[in-house]
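Inside the fold
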Amino acid sequence: MAIEPLPIRTVESPGFDDQRPGTSGLRKRVTVFQAPHYLEHFVQSIFDCLPDLNGKTLVLGGDGRFFNREAIQTIIRMAAANGVGGLLIGCGGLLSTPAVSCLIRKTGAHGGIVLSASHNPGGPDGDFGIKYNVGNGGPAPERLTDAIFARSRELSAYRIVDSPDLDIDRQGVDRVGAMEIRIIDPVTDYAALMETIFDFDRIRDLVTAPDFSMMIDTMHAITGPYAREIFENRLGAAPGTVINAIPKPDFGGQHPDPNLTHARALAAAMFGPSPPSFGAASDGDGDRNMILGPRFFVTPSDSLAALAANAELVPGYAAGIVGVARSMPTSRAVDAVAQRRKIPCYETPTGWKFFGNLLDDGRISLCGEESFGTSSDHLREKDGLWAMLFWLNILAVRGIGIAEIMREHWREFGRCYYARHDYESIDAAAAGRLIERLRARIPALAGSQLGDFTVTLADDFCYADPVDNSRSEHQGIRVVFGDDARIVFRLSGTGTAGATLRVYYERLEVRPQNQDEDVHRVLAQLYAIAESLAAIREHSGRDQPSLIT
Ligand code: G16
């Protein structure tokens, strides 16, 4: 029997000119998204930029933050009005970002909508976000996000059907008009993918050994149910290994950002009197990770380099890795591994979307960023839990601890001392002036001597994608001191208030006897150089960064 289509209502929108997607989708305060028509306007802009959408299936889910459920109901009604053929929704409206990527790829869905503001705080006064992922499972490339923004500026109405709220808490098949909706378990497909990559038997032996203990902090965010299923149920880790495991709309009032400042309980345990053998944390939507050993912090840049150096120990990468990529501000630690292995290493702008072409084209197997993200060709998103399993698989095979693995790594490849200073929520105009001033100084910098360092390159990073030849300009100011050191300045594309200045520092130390120093002592001279170049205090109005990672 033919299904009667629901009447479509066309609703006038007042128009919005602030819907430009940032580094990772549109992120704003919850209150902005709650304004009448705001979410609908952006969703219609997305749909209007997908010419082949009619009859296709989309994956839909989010990290469970405040406004997730309301947004899902709205998107269901709009999808039905825009000819979407089917929706695949995580039960409870929940899906981690890597799980969305996994589902798009596994089911051949046309794309997916991810509802998250990642590591930004949640709750009624926190942030919300929305991002479109394309058919390869990855974030929409810049040409699509640019088109969505352009559409949002001209759009004057959106389409929606009137239908009651759908029960998203019960698995099964439902319909809104002609559109089929499948509510699925959020964890099953992702967990099955992990079992194809890692040696679960070996990891199980490790994590159930009497002398091994671990703590996984999922920060009251989306990874909780995934981590419980994988670590506790499938790998036999002790119940309670996963802490803060229940996703909450306000992340328990915490900032779901996996670093030593915000993952407080984990950091206290790992740097306390009897630390577990392995510690890890993940963020709001499950794509970031932090890896810790007993009293030992692995920088995200080092983590990427160590995974690359040890990749063949993991079944999924046993045949070898074809190439690696890192975002420009990520330390050059992985470059050294690539050079030794004679595989290409690509330097991309900040933003996971820039890895998509390299992965699709088979140029790289692993990629990562200083912002606590690593992943591989198994998906087109960064993947926090994957990184934890990767480390556990390496530990299980090598039979030594994290600190030993990293110290050996530094002896072989050198240590890139690394720190990032964030000046959050500063005046946007002043931040712009700081970057302009640096830009103006670039031509005179090359060849100049700054303290102990000689500038070998100073530029405003521009990326030419080797696959589609697209160009992305103004991606951050680089001041490079040969292989010795580097300072990078850029403005964040994920903040929701004012501007956030990020200053990234790295310094290479190849002498083993100098590889166990205090990172901030080693970088102190670079901090002073950055201040003299950019007058950070004057522009930011701050004496200190608000966050150091
Ligand atoms: C997003 C992007 C990452 C980027 C990070 C920080 O991560 O996916 O590629 O490195 O933001 O970007 P920015 O320095 O511009 O704030 P997430 O985890 O927030 O989605």
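Presented here is an overview of the structure given in this document. (Residues numbered from 1 in each chain as written. Predicted model: local features only at pLDDT ≥ 70, side-chain atom pairs only at ≥ 80, totals over all residues. Heavy atoms only, no water.)

1. A few points about helix α7 (residues 200-207)
When α7 is considered as a whole, its buried residues turn out to be Phe-200, Ile-203, Leu-206 and Val-207. Projected onto a plane normal to the axis of α7, the buried residues spread over an arc of 120 degrees and lie on a single side. Counted as exposed and oriented over 90 degrees from the buried face of α7: Asp-201 and Asp-205. If you follow the buried residues of α7, they end up packed against α6 (188-197), β10 (214-217), α8 (223-234) and α13 (384-398). (Buried < 20%, exposed > 50% of the residue type's maximum accessible area, 1.4 Å probe, protein only. Helix = DSSP H or I, 4+ residues; strand = E, 2+ residues; numbered from the N terminus. Arc of directions from axis to C-beta. Contact = heavy atoms within 4.5 Å.)

2. Looking at the packing of α7 against α13
Put simply, α7 and α13 touch, their axes get as near as 9 Å, and they point 75 degrees apart. Between α7 and α13, the interaxial angle falls into the category roughly perpendicular. Across the interface between the two elements, Phe-200, Arg-202, Ile-203, Leu-206 and Val-207 from α7 touch Leu-389, Leu-392, Asn-393, Leu-395, Ala-396 and Val-397 from α13. In terms of residue class, the contact of α7 with α13 is built from nine nonpolar, one polar and one charged. (Axes fitted to C-alpha atoms, helices over the stretch in contact; angles between N-to-C directions. Parallel < 35°, antiparallel > 145°, perpendicular 65-115°, else oblique. Nonpolar A, V, L, I, M, F, W, Y, C, P; charged D, E, K, R; others polar.)

3. A closer look at the environment of Val-207
Note that Val-207 resides in helix α7. In this structure, the C-alpha to C-alpha distance between Val-207 and Ala-396, residues 189 residues apart in sequence, is 8.5 Å. Not counting the four nearest positions on each side in its chain, Val-207 is found in contact with Phe-212, Met-214, Leu-235, Ala-237 and Leu-392.

4. Here we look at the packing of aromatic side chains
Here the structure, examined in full by the defined rule, presents 15 aromatic pairs. An aromatic cluster is present here, built from Phe-16, Phe-33, Tyr-38, Phe-67 and Phe-128 joined pairwise through their rings. Here the basic side chain of Arg-415 rests over the ring of Trp-410, its NZ or CZ set 4.1 Å away from the ring centre. (Phe/Tyr/Trp six-rings, centres within 6.5 Å; stacked < 30°, edge-to-face > 60°. Lys NZ or Arg CZ within 6 Å of the ring centre and 35° of its normal.)

5. Description of the sheet that holds strand β13 (residues 289-293)
Strand pairs in the sheet, formed through backbone hydrogen bonds, run parallel or antiparallel to each other. On the basis of which strands lie adjacent, the open sheet formed by five strands has the order β11-β10-β12-β13-β14 and mixed pairing. Taken across any chain shown, the strands that pair with only one partner, and hence form the sheet edges, are β11 (242-243) and β14 (296-298). Examined bridge by bridge, β10 and β11 share two bridges and lie parallel to one another. Pairing of Asp-217 across the sheet is with Ile-243, part of β11. (Pairing = 2+ DSSP bridges.)

6. Let's talk about the pattern of salt bridges
Throughout the structure, instances matching the rule amount to 41 salt bridges. Where Asp-127 meets Arg-29, a salt bridge forms, and the shortest distance between an N and an O atom there is 2.9 Å. Of the two residues, Asp-127 sits in strand β6 (residues 127-133) while Arg-29 sits in strand β2 (residues 26-29), which places them 98 residues apart along the sequence. Assessed through its relative accessible area of 3%, Asp-127 is described here as buried. Its relative accessible area of 34% is what places Arg-29 among the partly exposed residues. For Asp-516, the salt bridge is made with Arg-407, and the minimal N-O distance between the two is 3.0 Å. Of this pair, Asp-516 sits in the loop between β27 (499-509) and α16 (519-534) while Arg-407 sits in helix α14 (residues 402-413), placing them 109 residues apart in sequence. A cluster of three or more residues bridged by salt bridges with shared partners is formed by Arg-326, Arg-332, Asp-335, Glu-347, Asp-459, Arg-478, Arg-486 and Glu-506. (Salt bridge = Lys/Arg side-chain N within 4 Å of Asp/Glu carboxyl O.)

These figures come from the coordinates and say nothing about function on their own.
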